[in-house]
Each structure stands twice: as C-alpha cells, then as structure tokens.
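Geometric and topological summary
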Amino acid sequence: MPNIENSRSAKLDAIFGTPLFAVLLAIGCNVLWGSAFPFIKMGYRLFAIETSDTASILCFAGVRFMLGSLLVLAGSLILEGKLPQPPCGKVLGECCALGLWQTTAQYAFYYMAVALLTGAFGGILNSTQSFLGVIFAHFLYGDADRMTPAKTLGCVLGFSGVVLVNLGQGGLDGTFQITGEGFVFLSSISYAFSSVFLKRYSAEDDPVLLSGWQFAVGGAVMMAGSLLCGGRIAPLAPPAGLMLLYLACISAVAYSLWGILLKYNPVSRVTVFSFMTPVFGVILSAACLGENLWDWRY
C-alpha cells in the first residue's frame, strides 16, 4: 500500500508540479472566480435579496458553500469509491481553521461588498489578494518562497493599478465605503492567509477533502448566524436554483484544484495568477450585467 501511495503521489507531483500545467489550471480557476462577482449580483436579484439585508446575504452565501461541500464530497465518493471519512483530531482543527478563515471570514466580507459595488470594480479590488498572498508567503515560508525583485515589482505595479482604478471611482455614491471597498480588502486579507495555511495543511492531508469539509464548517457558521438574525432566501424563478448550483460548482471545482496546486507548487507561483480574476470579472460583468467595459480605468 505505501508503494502505491508513493507512486500516486509521484504522478500527481509530475502533473500538478509542471509549471505549464499549473499555470493553465490556475488561470482556469480564476476564470471561474471571475464569474462569481457578476453571478452573485444576479443571484441577489433572482432571490430578491436587498443590499441592506445582511442576514439574507449571509444565508445565501452559507447555502452556496454547504451545497459546494456536498459536491466536493460526492466527487470524492465517485473518484475514490468510498464515503469520505469525517475529519477528526488534527484534521478537524485544520478544517475548522480553514472554514473560519477561507469561507466564513473571506466570504462574509465578500458577499456584503458585492451588494454595494459594481461587478467590474469589485472584481478589480479583489485582485489585491494575489499580491497579499505573495507577501505573506515570504514571511511565513522564508527562503522556500522568498520575495524576489521581480515579485516585488509585480506587487508594486499591481497595487498601483488598484489605486489607479479607485481614483474617483468609489462605491455607488462615488465615495469610499468601509462596507464596500473596505470589506473587499478584508476579504482579500482572509484569502491570502488561508492560501498560505492551505498549502501547509495539504502537505500531509488531502487538499480536496480539506476543501470539502472546510466549506461545510464555514457554510454552517454563516447559515447559523444568518438564521439567528432572521435571514431567509426564496427563489423567484427556476433560474435561481441553477444560479446557486453554478456558484456551488465554482467553489467545489476551483477550490479543490487550487488546493492541489498549492500542495505541489510554491504559494507565489499559484496565487500570483489571481490577477486574472478581475480581468474575467470585468468582461463577464459587462456581458452579464451590462456594465461599462470601456471605462478608462478598466
């Protein structure tokens, strides 16, 4: 059995550790994430969720991630041919930590910000997570993932671009909003921390199952909090259910692949491609929401 496991690990290392393959998968994940911002806004319309109804916004997010958890675990059942074991001990602690950081904290801020910002602008602000991930990896992993002059230049240019986009833009009323732009930045910080820790945890444990169980933890926390505060969601038409299923698939597919990529590659090699998320977010916001693609900032 150990020889079989070592052989499987070597094959995965050869595939997911190959730079070209890792780059293509990382871009694919960010195409999916780029579609999330406009599709979440469309979901608010289909579920008749008001921008001020924080409890229902969190309920919507919680349902998405609980459904995403079921999809990940169902996929594991199909691929492995057996029911995934519930986490316990150290793995349970890791799932709880990731669930609170990567799902509850990141997406609670993210979903509340989506309600107040345009899809294109919010997606661009959210790109700060790629630069923060590179910076945090340097301090947490040292020489194994150190900051190089090229990475430093990339981060400086990236942050400068975000600042430039923010000039004169603001939220819907033209001013900076803590619950808009501020929450996007807090979401990015949560994401950056969770990516670094996901790499550490996935070195010993299955990143796919870590994603599945942490979605369950994070989604359950958001749902419980929202229901206690009176949050509810009610689909207005059949497309609402399909929209929720698509968002759950984004979580299940993209985060599972992302966890595998982080396991076999340096954090900075993978997270830097998060800069593609706002590119696809702007394009899809224009296509799906009718937002202005040709604003000079975009």
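Quick note: structure is the one above.
Thresholds applied
- Residues numbered from 1 in each chain as written.
- Predicted model: local features only at pLDDT ≥ 70, side-chain atom pairs only at ≥ 80, totals over all residues.
- Heavy atoms only, no water.
- Phe/Tyr/Trp six-rings, centres within 6.5 Å; stacked < 30°, edge-to-face > 60°.
- Helix = DSSP H or I, 4+ residues; strand = E, 2+ residues; numbered from the N terminus.
- Expected span 1.5 Å × (residues − 1).
- Buried < 20%, exposed > 50% of the residue type's maximum accessible area, 1.4 Å probe, protein only.
- Core = buried A, V, L, I, M, F, W, Y, C linked by side-chain atoms within 4.5 Å.
- Contact = heavy atoms within 4.5 Å.
- Patch = residues over 30% accessible without salt bridge, like charges linked within 9 Å, V, L, I, M, F, W, Y side chains within 5 Å.
- Areas by Shrake-Rupley, 256 points an atom, 1.4 Å probe, with all protein chains shown as cover.
- Salt bridge = Lys/Arg side-chain N within 4 Å of Asp/Glu carboxyl O.
- Axes fitted to C-alpha atoms, helices over the stretch in contact; angles between N-to-C directions.
- Parallel < 35°, antiparallel > 145°, perpendicular 65-115°, else oblique.
- Left-handed = near helix turned anticlockwise from the far one by under 90°.
- Nonpolar A, V, L, I, M, F, W, Y, C, P; charged D, E, K, R; others polar.

**Looking at the packing of aromatic side chains**
- Throughout the structure, instances matching the rule amount to 16 aromatic pairs.
- Residues Phe 39 and Tyr 246 carry aromatic rings whose centres are separated by 4.9 Å and whose planes lie at 45° to one another, so their mutual orientation is tilted. Here Phe 39 is found in helix α2 (residues 19-46), whereas its partner Tyr 246 is found in helix α10 (residues 238-264), with 207 residues between them in sequence.

**A word on helix α12 (residues 276-289)**
- The end-to-end C-alpha distance of α12, which contains 14 residues, comes to 19 Å, matching closely the 20 Å that a straight helix rising 1.5 Å per residue would cover.
- Within the sequence span of α12, burial applies to Met 276, Thr 277, Pro 278, Gly 281, Val 282, Ser 285, Ala 286 and Leu 289.
- Directly beyond the C-terminal end of α12, a positive phi value near 75° is found at Gly 290.

**Some points on the nonpolar core**
- Grouped together as the largest cluster of nonpolar side chains are 67 residues, with contacts concentrated most on Ile 40, Tyr 44, Phe 60, Tyr 111 and Trp 258.
- No other element matches α10, which puts 13 residues into this core.
- Once residues within four sequence positions are removed from consideration, Phe 60 is found in contact with Ile 40, Gly 43, Tyr 44, Phe 47, Ile 49, Tyr 111, Ile 233, Leu 244 and Leu 247.

**Looking at a nonpolar patch on the surface**
- Taken together, the side chains of Leu 71, Leu 242 and Leu 245 present a nonpolar region at the surface, about 260 Å² in accessible area.
- In this fold, Leu 71 is placed in helix α3 (residues 54-80).
- Note on Leu 71: relative accessible area 31%, which makes it partly exposed.

**As for the packing of helix α9 (residues 207-228) against α10**
- Look at α9 against α10: their axes get within 8 Å of each other, and the N-to-C directions meet at 135°. Taken together, the axes of α9 and α10 are oblique relative to one another. When the axes of α9 and α10 are compared, the crossing they make is right-handed. Counted together, Pro 207, Val 208, Ser 211 and Phe 215 of α9 and Ser 251, Ala 252, Tyr 255, Ser 256, Gly 259, Ile 260 and Lys 263 of α10 form the full contact between these two elements.
- Of the residues contributing to the contact of α9 with α10, the split by class is six nonpolar, four polar and one charged.

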